[in-house]
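Residues per chain, in single letters:
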Amino acid sequence: CSPLQGAVMLNMMEEGKAGKIQLPREIFQSLSSQTARVVVTVLNTQQLGMFEEVNQTGQVLDDTVVGITVGDMSITGLRDLVQLTFAHGQLPHSITPQCVFWDPSQGQAGGWSSSGCATQPGDNGTVCSCDHLTFFTLLLVTTPLATLSTTQALIAVATAGCGVAMAFSIFTITFCIFLRCRLRSEETLHINLGLHMNLMGSLLLLNLAFLLNGGLSGGTCKVLGGFTHYCLLCCFTWTGLEGCHLYLLFVKVLGTYIRHYLEKLCLVGWGFPVLVVGVAGVIGSYGEYSIQTVDHQVIAHLCWITSKYLLVHYITNCGYFGLIFLFNMAVFGVVTQKSCCLQGTRAVQGDRKAWKVALVAVGLFCLLGATWALALLTHSTSSAPVLYLFTILNSLQGFFIFVWLVILYYPKMKETTGSVS
């Protein structure tokens, strides 16, 4: 018995088992003036002996498959997705729901596929968003104990790391304020410390957002997802502004005074991400996002950019950071080259300011750019060692930057104190 024959036979059976179905207007607009019959079919796989996949990895929810057809048309590639809500109770932590459809082209007898479908938790079950019409179901996949233990360990490391990062971010901000009070006469130093304080402030907010991120749903999750995205964009923007400042200070206009320079940087550093997050929020990009393994097993949920709008993530996060990283790498190369030239000609003999600026570049490039670059690497691999390395390094960013600033500026403070005494 083929799926199409089963749909004809059981067209009106088992009403209400599908939960809720929402079809986009795009389907009906394509019909123009034609008349087409919309058929929603609920099938029981055990009764019919259909939709049996070889080596199936999960169990079909309530042995139920939902088929949707509109006339005789084959509907694929929808921009506005079809949404099916599969109603069910609370699932154990070891069970992961996965939205799939029956793909006759898989194997010899067909099989389940998740291509073009996104899985999201709903108020009364699980919501499946797909870009085509066919026969859908919800697979309940059992997560291996090894995967669960790895996930719990990563969550524990990330939580502890966020706490450490927040603590050292506060220490660094306090140290910068102390330095600005002790070294009031140096305007350039005030600007440098102001930049570092804003960067550490954005890292502090980002770690706070991650600590709050979990166990939320609905509108609250959307707000937290937008806030987390905003904090991440602020970190990237302030990293780029540090690179721009380094270029202006050392390469382009050394010694040139710019009126309200730090205020203008703050307007860009905190204001530009507002525009990006505002546009992303208007189009509905934020919500609950599921972190999955390579075999599509959900291991964690967080409030972030939803799977439906992954293009927003790739453009605003991966693409944006990629440009900043390339720019900072170019600035680092130019500054290092000029510092070496100055040192070679003894133009800075007795004055180490050029090397201090180079040290700033090294700190920005290695302590910030390198760890965020590793974050991009985790998008292309699910290797546990890489995930652990990324989690630990980013958790210790605040500690590294605090130590780096103390080594960089403490001798300057001692010189000032000695000259005063």
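A brief look at the structure comes next. (Residues numbered from 1 in each chain as written. Predicted model: local features only at pLDDT ≥ 70, side-chain atom pairs only at ≥ 80, totals over all residues. Heavy atoms only, no water.)

### Structural notes on the overall build of the protein chain
Reasoning step 1: From N to C terminus, the protein chain includes eleven helices and twelve strands.
Reasoning step 2: Counting contacts in the protein chain only where the partners sit at least 6 residues apart, residues at least 24 apart contribute 74% of the total.
Reasoning step 3: For the protein chain, the accessible surface area stands at approximately 21,800 Å², while carbon and sulfur atoms represent 62% of it. (Helix = DSSP H or I, 4+ residues; strand = E, 2+ residues; numbered from the N terminus. Contact = heavy atoms within 4.5 Å. Areas by Shrake-Rupley, 256 points an atom, 1.4 Å probe, with all protein chains shown as cover.)

### Some details on the packing of aromatic side chains
Reasoning step 1: If you walk through the whole model with that rule in mind, you get nine aromatic pairs.
Reasoning step 2: Between W102 and W112, the ring centres sit 5.0 Å apart and the planes meet at 80°, which makes this aromatic pair edge-to-face. Note that W102 is positioned in strand 6 (residues 95-103) and W112 in strand 7 (residues 111-113), a separation of ten residues in sequence. Accessibility classification places W102 together with W112 in one group, the buried group.
Reasoning step 3: With a centroid separation of 5.7 Å and 35° between ring planes, the pair formed by F321 and F325 is classed as tilted. Of the two residues, F321 and F325 are both situated in helix 8 (residues 310-344); the distance of four residues between them amounts to about one turn of the helix.
Reasoning step 4: Classification of F321 by relative accessible area gives buried; the value is 3%. (Phe/Tyr/Trp six-rings, centres within 6.5 Å; stacked < 30°, edge-to-face > 60°. Buried < 20%, exposed > 50% of the residue type's maximum accessible area, 1.4 Å probe, protein only.)

### Quick look at the sheet that holds strand 1 (residues 20-22)
Reasoning step 1: The antiparallel open sheet is built from four strands, whose spatial order is 1-5-9-8. The open sheet has two free edges, formed respectively by strand 1 and strand 8 (117-121), since each of these has just one partner strand. Going from strand to strand, the sheet's axes swing by 15° on average, the running direction of each strand aside. (Pairing = 2+ DSSP bridges. Axes fitted to C-alpha atoms, helices over the stretch in contact; angles between N-to-C directions.)

### Here we look at the state of the cysteines
Reasoning step 1: Per the counting criterion, the structure on display carries three disulfides.
Reasoning step 2: The partner cysteine of C117 in its disulfide is C130, sulfur to sulfur 2.1 Å. The sign of the S-S torsion, about 115°, decides the handedness of the disulfide formed by C117 and C130: right-handed. Here the residue C117 occupies a position in strand 8, and C130 occupies one in strand 9 (residues 125-130), the gap between them amounting to 13 residues. (Disulfide = S-S within 2.5 Å.)

Don't take any of this as a statement about function, it's just geometry.
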